Amino acid sequence: VMGKPMATSQDFVNWVCSEDLDWRFLKQVLVSERDSFLSFANGATHQTIYFPEVKAFHVCLPPRETQSRIGDFLGVIDDLVENNRRRIELLEEMARAIYREWFVHFRYPGHDDVPIVDSAFGPIPEGWAPRTVAEVSSVVTRGIAPKYAADGRWTVLNQKCIRDERVTLALARLQERPVPEAKRVLFGDTLINSTGVGTLGRASMFLEE
């Protein structure tokens, strides 16, 4: 499929399908069972699923024709998801370009009719005013110090939960300490990572209820 010989490192497990198994069906099984795989993982800092556990995995295998139909159907959905992802990336880049044009270079619609004046932060359009984020926010707060518990009431977002300017709950954990009203995440809140190697500065808007 890749067009040239390839190999993987020891960090991978490779399944080579026989004629009894459609590779697209196997892919969908593995993707859908990701949470189950995590239950087999060992290690605190570098989680690993060891080979004896991998070889013990079982799947319910329908007839080959049914596997192919499932693969065809879900493959179409995967293609739609990928196309939408690319559209979103293009729209996000357009939004960043508009932001730079309007709020960095001050070339927004009608800017020719607005004079530029001096401010403490340099030249800005007349009528604009420099403000700190805290001055124009109703709440600016750090998160909580969680007490994690498998049956905890509250879902806690950690720094890994912000990826590609989006919030994912897949890596969130539960905790049991009370959460003050000001520290409860609401729809439309802006979140930014303030700690974490490789995650510091990641930002996203929270768009869930």
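Above: the structure in question.
I will try to describe carefully the structure that is included in this document. (Residues numbered from 1 in each chain as written. Predicted model: local features only at pLDDT ≥ 70, side-chain atom pairs only at ≥ 80, totals over all residues. Heavy atoms only, no water.)

**Quick notes on the overall build of the protein**
Within the protein, the secondary structure is distributed over four helices and eight strands. In sequence order, the secondary structure elements of the protein are arranged as α-α-α-α-β-β-β-β-β-β-β-β. Computed over C-alpha atoms, the radius of gyration of the protein comes to 24 Å, more than 25% over the 17 Å expected from 2.2 N^0.38 for 209 residues, which places it beyond the range of a compact globule. On the principal axes, the C-alpha backbone points of the protein span a range of 75 × 45 × 30 Å. Counting the 209 residues in the protein, one finds 16% classified as buried. Only carbon and sulfur atoms are counted for the fraction: they give 58% of the accessible area of the protein, which is about 16,900 Å². Each charge class in the protein was averaged separately, 25 positive and 29 negative side chains, and the resulting centres sit 5 Å apart. (Helix = DSSP H or I, 4+ residues; strand = E, 2+ residues; numbered from the N terminus. Rg over C-alpha atoms; globule rule 2.2 N^0.38 Å. Buried < 20%, exposed > 50% of the residue type's maximum accessible area, 1.4 Å probe, protein only. Areas by Shrake-Rupley, 256 points an atom, 1.4 Å probe, with all protein chains shown as cover. Lys, Arg positive; Asp, Glu negative; His and termini not counted. Charge placed at Lys NZ, Arg CZ, Asp CG, Glu CD.)

**Looking at the packing of helix α1 (residues 23–32) against helix α4 (residues 64–104)**
Here α1 crosses α4 at 65°, and the two axes come no closer than 8 Å. Crossing handedness for the pair α1 and α4: left-handed. On α4, the residues that touch Arg24, Phe25, Lys27 and Gln28 of α1 are Gln67, Ser68, Ile70, Gly71, Asp72, Leu74 and Asp78. Residues belonging to the contact of α1 with α4 are distributed by class as follows: three nonpolar, four polar and four charged. (Axes fitted to C-alpha atoms, helices over the stretch in contact; angles between N-to-C directions. Left-handed = near helix turned anticlockwise from the far one by under 90°. Contact = heavy atoms within 4.5 Å. Nonpolar A, V, L, I, M, F, W, Y, C, P; charged D, E, K, R; others polar.)

**Quick word on the environment of Asp35**
Inspection of the secondary structure puts Asp35 in helix α2 (residues 34–38). Each C-alpha atom, one on Asp35 and one on Ala170, is 9.4 Å from the other, the two residues being 135 residues apart in sequence.

**Re unusual backbone geometry**
Positive phi values are uncommon outside glycine, yet Phe106 reaches one of about 60°. Among the secondary structure elements, Phe106 is positioned in the loop between α4 and β1 (116–117). The class of Phe106 is buried, set by a relative accessible area of 18%. The phi dihedral of Asp164 is positive, around 55°, even though this residue is not glycine.

**Considerations on the packing of aromatic side chains**
Using the criterion set out here, one finds eight aromatic pairs in the structure. Relative to Trp128, the ring of Tyr108 has its centre 5.4 Å away and its plane inclined at 25°; by these criteria the two rings are stacked. Of the two residues, Tyr108 sits in the loop between α4 and β1 while Trp128 sits in the loop between β2 (124–125) and β3 (154–156), which places them 20 residues apart along the sequence. In this structure Trp128 comes out as partly exposed when scored by relative accessible area, which is 33%. Site record: aromatic cluster; members linked through ring pairs are Tyr99, Trp102, Phe103, Phe106, Tyr108 and Trp128. (Phe/Tyr/Trp six-rings, centres within 6.5 Å; stacked < 30°, edge-to-face > 60°.)

**As for α4**
In an α-helix, one full turn covers 3.6 residues, which means residues spaced three or four apart are oriented alike. Compared with an ideal rise of 1.5 Å per residue, which puts 41 residues at 60 Å, α4 spans 58 Å between its outermost C-alpha atoms and is within 8% of the ideal. When we look at burial in α4, the residues that qualify are Gln67, Ser68 and Gly71. Buried residues along α4 sit in contact with α1. Downstream of α4 by one or two residues, Phe106 has phi in the positive range, about 60°. (Expected span 1.5 Å × (residues − 1).)

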